[in-house]
Structure formats: structure tokens, C-alpha cells
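Residue-level structural notes
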Amino acid sequence: MEMKAYREIAVMLDRTRHVVAPRHHTMHVPRTMFAAAIDHFGGPEAITPHALRIPVVDAGEVLIAVDTAGVGRWDADVREGYFAGRKPHFPLVLGFDGAGVVAAVGSRVRRLKVGDEVYSYNWANPKGGFYAEYVVVPADKAAPIPRRLDLRHAGAIPITGLTALQGIDDALGLKKGETIIIHGASGGVGTLAVQFARLRGARVFATASGKDGVELVREMGARGFAPDGFDAVLALAGGDALERCLNVLRPGGRVAHPNGVEPAPKKRRGMTLVRYDGISGVREFEGLNAAVQAARLKVPIAECYPLARAYKAHQRLAEGHAVGKIILAVHDS
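Summarised in this report is the structure supplied together with it.

Definitions and limits used
- Residue indices begin from 1 for each chain and proceed along its sequence in written order.
- Predicted model: local features are reported for residues with pLDDT of at least 70 only, side-chain atom pairs are reported and counted for 80 or more only, and whole-chain, interface and lining totals are derived from all residues.
- Derived side-chain values reflect all non-hydrogen atoms in the structure, with water molecules and hydrogen atoms excluded from consideration.
- Only runs of H or I of at least four residues qualify as helices and only runs of E of at least two qualify as strands under DSSP, and these elements are numbered from the N terminus.
- Any residue under 20% of the maximum accessible area for its type is buried, any over 50% is exposed, and the rest in between are partly exposed; the area is computed with a 1.4 Å probe on protein chains only.
- Contact between two residues is taken to exist if any of their heavy atoms lie within 4.5 Å; hydrogens are not considered.
- In short, Shrake-Rupley with a 1.4 Å probe defines the accessible areas, and a residue's cover is counted only from the protein chains shown.
- Only strands that DSSP links by at least two bridges are regarded as paired with each other.
- Here is the rule: rings of Phe, Tyr and Trp (six-membered ring for Trp) pair when centre to centre is within 6.5 Å. Planes less than 30 degrees apart are stacked, more than 60 are edge-to-face, and the remainder are tilted.

Helices and strands together make up the secondary structure of the protein, namely nine helices and 15 strands. Each of the 333 residues in the protein was classed as buried or not, and the buried ones make up 53%. If you take every contact in the protein between residues at least 6 apart in sequence, the share linking residues at least 24 apart comes to 67%. Accessible surface, the protein: about 15,300 Å² in total, of which carbon and sulfur atoms supply 50%.

Right, here's the structure in full:
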């Protein structure tokens, strides 16, 4: 049924694709695209193939021909209706981050040009997400990919990279020589946070699930246990294991976690607790690019699925214990 549906969509696209040259640009763009979208909230099976018109590019926006889309638990929350407004608009294309090639730019865009390889993170995009052949985002939500990375690996890190780096630098203000526990270090955010913490000169310790997760965080540079306690904890997962991490925090220690970690840690006496969201913008992407270069960042990819099997990626996401980041390869459908 899955491949039949995809073939039907492909036929529809072949019939409706009339190549046009958008204003202000040189790259030809079709009128329609293949996308993985939902027509109602529900489980992974709610994600189905769609033939959709490509969104219009406004003056301050760019159109990206998507190569890779990231998959995260935030996508599953949207799919299930967790962030739904009063009148959700369907079909809804999922996906908050990814990488690709700039196919068109708005009349006011100067920082990016057609043909640039970029990566992007844009939350709650009214014009649709990255589970599609094309996506439109504000120009300040996209940036040239780091020189060390190809499109596939760059597409895996916009959300996770910004969240990891801002947790280490902004929320915790980690300093050289300090000790930190990164709890939940084998996931998409944690594997990068370990490397950014080491880049800042910290002594990094980590918790991870499963033998493969432990091996991976050791490869990223995490150590064993510090008997003298810790200066900071970056909490990327909740529960009893996190509470045990907090028990070895030194007086005056700092704890940070991205919003969405459940159960969230509770503030204790003498502990500084910071909740934060990873944000994107020109300055934030410049900082991420610099850190990727300086850390010689490794980007572990847990699984890669073609766009037509996006629902399979969500099934894998629901299983948990993904070592690294789950991604969609848009052109492998």
C-alpha cells in the first residue's frame, strides 16, 4: 500500500509539474512537490504521501530544495496534536529542521543566494515543514552549512546542535576545568553536547542507555565517574537516573535542561536551575558553525529513512533508544 500510494503521488506530480522561473531568481522550480504530511492528528500511520503546491516565497524568505530533514520527538508531539491551535490547518507538513540548496530568494534577501547549501531550523512554520521536497523559511532562520559537513550531516544538526551549544554556553556558562554530567548523552542533542563541552575545556561525564549508547559517548570523549562531585548537569532526559545525577552536584552547582524534558528536574536548595529553548537566528548559526569547525564535530546518525517512509521513522522514534539522530533523505524516496 505504501509504494502504491507513493507511485500515485509521483504520477500526479509528473502531470502537474510546469517549470517556472520565480521572480528575482535563476533556478527553475516546479509548481508541485512530494511531501509527507498529516490530514489529522494521530500515530505514525497518520503520515501519508501528498502532492502539494510549493509555498510562495515572500520578500524576506528563501525557498530551500530539501536534501535532508531531521526527525525528533518534537515532530511526534506535533503529529499527535500536542501543539495544536484552535483551528489547525491540514494537510500539515511536519519537520522543523534540515538542509538543502537555496532554490529561490525573496527580493529583500542579501545574505543568501540561489545555489547556496544551507541548513535551517524554523519552529511552527505556517508555510509547512521540512518533510517535503521544498520548504520556505525566513532568511534569518537559514545559514550556510559548516565547511566540515555535507548536506546529510548538516541536516541532522540544526535543532540538536543549537540546543546542545546553547545549553553548554548560554544556560550553563560552562568554563574550562569544570566538571559536567550530560544525562542522556547518546541521543541527537547529547552526542553533540559532549563534544561542545570538551571544546570548552570541561571534564565531561555522561550517562547513556544500552551498550551501544555507552560506547558511542565514550567515542565522543566522555569519561567515567568523578568522585569529587560535579559543577553542572545538562539534563536531556528525566526520571530517577537524573535525580541520582543531581545528588552528586556540588553546592552552588548549575542544572540546565531544554523545555520538553519530562519529568523535568525540580529545583533544589543551593542549585541554579535553567530551562531553555534552542533558538535559531543569524548570530546563533554563526556560533554553531564556529563550534562545529573548532570541535571537528562528529554527527552520529542513528537511522536514515526515505521521505516516503517518514511514518517508519516515527515508528522508530517511538521505540526510543536511538543512538544519534534519525533523519529523512528526501531524494531517496
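Another point: the sheet that holds strand S1 (residues 32-38). Pairing in this open sheet of three strands is antiparallel, and the strands run S2-S1-S4 from one edge to the other. Looking at the sheet topology across the chains shown, the edges are occupied by strand S2 (47-53) and strand S4 (92-93). Sheet topology note: the S1/S2 ladder contains seven bridges and is antiparallel. Within S2, the residue paired with Phe-34 across the bridge is Ala-51.

It is worth spelling out the packing of aromatic side chains at this point. Counted by the stated rule, this structure contains six aromatic pairs. An angle of 85 degrees between the planes, with centres 5.0 Å apart, marks the rings of Tyr-82 and Phe-83 as edge-to-face. Among the residues examined, Phe-83 registers a relative accessible area of 43% and is labelled partly exposed. Between Tyr-119 and Phe-285, the ring centres sit 5.0 Å apart and the planes meet at 55 degrees, which makes this aromatic pair tilted. Of the two residues, Tyr-119 is situated in strand S6 (residues 117-121) and Phe-285 in helix H8 (residues 282-295); the sequence distance between them amounts to 166 residues. Each member of the pair, Tyr-119 as well as Phe-285, is classed as buried. The rings of Tyr-82, Phe-83, Phe-96 and Trp-123 are connected pair by pair, giving a single aromatic cluster.

Across the 14 residues that make up helix H4 (residues 158-171), a large majority, 12, are buried. Of all the residues in H4, the buried ones are Pro-158, Ile-159, Thr-160, Gly-161, Leu-162, Thr-163, Ala-164, Leu-165, Gln-166, Gly-167, Ile-168 and Ala-171. Residue Gly-173 follows H4 closely and has a positive phi angle near 55 degrees.

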